[in-house]
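Descriptive analysis of the structure
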Amino acid sequence: MLQLNVKNETSRLRTVVLGSATDNGPTPTAEEAYDPKSLEHILAGTYPVEADMVDEMEAFNKVFQKYDVQVFRPERIENYNQIFTRDIGFAIDDIFIKANILPDRERELDAIQYIIDQMDPIKVVRPPEEVHIEGGDVMLWNDYIFIGTYKGSDYKDYITARTNMQGVQYIKDLFPNKIVKEFDLVKSKMEARDNALHLDCCFQPVGDKKGIIYKSGFREEADYRYLVKLFGKENLFHITREEMYNMNSNVFSIAPDVVVSEKNFTRLNTWLREQGFTVEEIPYAEIAKQEGLLRCSTLPLIRD
């Protein structure tokens, strides 16, 4: 039986589900793109190839092995993208929440059912159909749960809007003792540099009290100021529009002092080391072309 425990983004990781790029299928058509960055690379002929993505994910897996982390992988689905496990479910404390994801991706949940079967069934929940929520929008910070959403009246018109206010309310009801704070994110169907697909595209805590943030990812400046007040401006690394596009806030913490980061994030990685972090650099730039990076590829189940 897996005893789930995830209370924040940075405590020592013990068990994780890492996605898979094997048997990833052909390059999608423009009509099949779920986000503007994938669309951009499909149209440009620069969409990543499977062999490169498999190599990148294996580099990530080797870091987990180095730190003695138990790693589960999804069962293989032929010709199917199974990289971004963060979207399909997430753990809060000892509860596993199955995400109501885009209908086309329901099979991804089936591929990790063998892992879910190892959990206490009483601790596994599935929100009602009207609740939209994906793991990339859910950020844990001990007593806080930060949730990315989109409050525009045109929510239904945006395939890039993945978590609705019903999703926020669902988490509030499920965890009444937590401080649940939603953040209204900037969305774009056509320009990836102006699209915060999930909260982890524009904010993520690192260590015990620091974070990475992109101010223009928030529709309301008050949401940005909330995080500045909570963390302290001196503890936040502010990324640029281009760094947000390259997914600089989508790193992944294995421990309070260990961060896995993309090797090209020179400015960020230098800052992290100056703050005393061990930075495990790996190549992940090909996977980043799908508007997802390290946090998106992981589904933590047990942290200290």
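All of the points below concern the structure found in this document.

We now examine the sheet that holds strand E6 (residues 138–141). As summarised here, the arrangement of the three strands in space is E6-E7-E8, forming an open sheet in which the pairing is mixed. Every other strand in the sheet has two partners, leaving E6 and strand E8 (179–184) as the edge strands with one partner each. Sheet twist, expressed as the average angle between the axes of neighbouring strands with direction ignored, equals 20°. Here strand E7 (residues 144–149) pairs with E8 via six bridges, running parallel. Among the inter-strand pairings, threonine 149 is bridged to a residue of E8, identified as aspartate 184.

Sheets are built from strands paired through backbone hydrogen bonds, the pairs being either parallel or antiparallel. Taken together, three strands build an open sheet; the order of strands is E12-E13-E14 and the sheet is mixed. Across the chains shown, the open sheet's two edge strands, defined by having one partner strand only, are strand E12 (252–255) and strand E14 (278–282). Each strand axis lies, on average, 30° off the axis of its neighbour in the sheet, ignoring direction. Here strand E13 (residues 258–262) pairs with E14 via five bridges, running parallel. By the bridge assignment, valine 260 is partnered in E14 with glutamate 280. Strands in contact with helix H8 (residues 266–274) are E13 and E14; relative to E14, the strand with the most contacts, it is inclined by about 155°.

Among the six residues of E7, five are classified as buried, and the element is accordingly described as predominantly covered. Between the antiparallel neighbours E6 and E7 lie two residues, among them asparagine 142 with a positive phi of about 60°.

Before going further, it helps to examine unusual backbone geometry. The bulk of non-glycine residues show a negative phi, and the bulk of peptide bonds are trans. At aspartate 93, a position not held by glycine, the phi torsion is positive, near 55°. Relative to the helices and strands, aspartate 93 is located in the loop between strand E3 (89–92) and strand E4 (95–98). Note on aspartate 93: relative accessible area 15%, which makes it buried. Even without glycine at this site, methionine 247 takes up a positive phi of about 75°. Among the structural elements, methionine 247 can be located in the loop between helix H7 (241–245) and E12.

Conventions used here
- Residues numbered from 1 in each chain as written.
- Predicted model: local features only at pLDDT ≥ 70, side-chain atom pairs only at ≥ 80, totals over all residues.
- Heavy atoms only, no water.
- Pairing = 2+ DSSP bridges.
- Helix = DSSP H or I, 4+ residues; strand = E, 2+ residues; numbered from the N terminus.
- Axes fitted to C-alpha atoms, helices over the stretch in contact; angles between N-to-C directions.
- Contact = heavy atoms within 4.5 Å.
- Buried < 20%, exposed > 50% of the residue type's maximum accessible area, 1.4 Å probe, protein only.

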